[in-house]
Each structure stands twice: as structure tokens, then as C-alpha cells.
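# Residue-level structure breakdown
One letter stands for each residue in the lines below.
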Amino acid sequence: MVGSILVGLCAMGRLYTSVFLGGYKNHTLITHGIYAVLRNPLYFFSLLGIIGVALMSNHVSIMIGLPLFFLFLYFGLIRREQAFLQTTFGSKYENYKKDAAALIPNFSNYNAPDCITIHPRFVTNAFKDAIWWLAALPIIELSEYLQEIKIIPVFFVG
């Protein structure tokens with residue numbers, strides 16, 4: 001159940017994040033909305049989703065390995081992204097880094113304008129992304145069923 005909740009939060013959070021980011025990435029430093037709370041909200045919500053999928057698997061090795069693999073992979077991406085933002089936005093990004101946490105949200109910083117421009121194409125893409133996260137539970141359940149009826153082999157136990 002906890003895994004399903006985390007995957008749901010991941011899907012909703014990534015969609016919400018895309019509302020603020022869509023169409024502006026690499027051109028404008030977004031510092032409002034969820035970006036006032038976190039510098040890397042897409043990675044944060046993806047981490048929640050990965051932990052959720054790992055928990056849904058009911059396999060200890062996956063519960064430990066999948067989040068660790070994600071962290072290993074994404075810390076490099078975060079470092080590269082920060083270097084790009086530092087080069088592109090300079091002191092504006094330095095000031096932003098002082099206010100917004102890298103990966104653990106600080107909800108007391110939340111602020112958003114009354115109105116923002118949303119690009120439907122990016123929200124549509126984020127919605128499609130969210131659907132794949134929500135497909136995790138049925139895919140895991142299907143694979144467990146196929147293992148039970150011996151159509152696919154069992155690779156991990158417990």
C-alpha cells in the first residue's frame with residue numbers, strides 16, 4: 001500500500017512540476033511554485049516513485065538496490081544540471097540555491113504567482129509520463145501472476 005501511495009505521489013508531483021517548468025527549461029530560472037520548495041522536484045518525485053515501485057516488488061534486494069541505483073545515477077545528473085544552471089544564470093542561481101533545497105523539500109518556502117502561462121504540450125507529455133508510473137502496480141501484479149503459473153521464471157525470492 002505504501003508503495004502505491006508513493007507511486008501516486010510521484011505521478012501527481014511530476015505532473016504538477018511540469019506545469020511550472022514546461023516550455024521554460026534551460027531558458028528561464030524557475031524559482032516559484034514547487035521550484036521554491038525544491039531545486040530538483042522532478043528528481044525528488046521520481047525518487048518517491050522508484051521507492052514505491054521497489055516496495056511494491058516485495059523483494060528485499062529490489063527494495064534496497066533500485067533506490068540506491070537511482071541515487072547513484074541521478075546525483076551525477078543533478079551535478080551536471082547544477083553546473084549548467086550556474087553557467088547559464090550565474091549569481092541568480094547562486095541566490096536561488098540558498099533558498100531552495102536540492103532534494104529534500106522545504107515547504108515553508110512555497111510561493112507562487114497568481115497566474116502562470118502553461119504550455120499544454122508539456123502538460124500532456126507529463127500526463128503521459130504519469131500514466132507509466134501508475135502502470136507499475138498492474139505490471140508487477142501481472143509478472144507475479146505469470147511467475148505463479150510458471151510462464152516466466154522466478155529470479156528473486158523474498
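Provided above is the structure to which this section pertains.
Residues numbered from 1 in each chain as written. Predicted model: local features only at pLDDT ≥ 70, side-chain atom pairs only at ≥ 80, totals over all residues. Heavy atoms only, no water.

### Concerning the packing of helix α1 (residues 2-21) against helix α6 (residues 120-134)
- Contact geometry of α1 with α6 gives a least axis separation of 9 Å together with a crossing angle of 170 degrees. Here α1 is positioned roughly antiparallel relative to α6, judged by the angle of their axes. Between α1 and α6, the contacting residues are Val-7, Gly-8, Cys-10, Ala-11, Arg-14, Leu-15, Ser-18 and Val-19 on the first element and Phe-122, Val-123, Ala-126, Phe-127, Asp-129, Ala-130, Trp-133 and Leu-134 on the second.
- Residues belonging to the contact of α1 with α6 are distributed by class as follows: 12 nonpolar, 2 polar and 2 charged. (Axes fitted to C-alpha atoms, helices over the stretch in contact; angles between N-to-C directions. Helix = DSSP H or I, 4+ residues; strand = E, 2+ residues; numbered from the N terminus. Parallel < 35°, antiparallel > 145°, perpendicular 65-115°, else oblique. Contact = heavy atoms within 4.5 Å. Nonpolar A, V, L, I, M, F, W, Y, C, P; charged D, E, K, R; others polar.)

### Notes on unusual backbone geometry
- Within the chain, Asn-58 stands out as a residue other than glycine whose phi angle is a positive 60 degrees.
- Looking at where Asn-58 falls in the secondary structure, it is placed in the loop between α3 (41-57) and α4 (60-89).

### Some thoughts on the packing of α6 against helix α7 (residues 136-148)
- Running from amino to carboxyl end, α6 crosses α7 at an angle of 30 degrees, the nearest separation of the two axes being 4 Å. Of the possible angle classes, the one that applies to α6 and α7 is roughly parallel. Within the contact between the two elements, α6 uses Trp-132, Trp-133 and Leu-134 and α7 uses Ala-136, Leu-137 and Pro-138.
- Across the contact of α6 with α7, the residue classes break down as 6 nonpolar, no polar and no charged.

### Regarding the environment of Pro-113
- Mapped onto the elements, Pro-113 comes out in the loop between α5 (91-99) and α6.
- For Pro-113, a relative accessible area of 39% puts it in the partly exposed group.
- Each C-alpha atom of the pair Pro-113 and Ile-149 lies 54 Å from the other, and the pair is 36 residues apart in sequence. (Buried < 20%, exposed > 50% of the residue type's maximum accessible area, 1.4 Å probe, protein only.)

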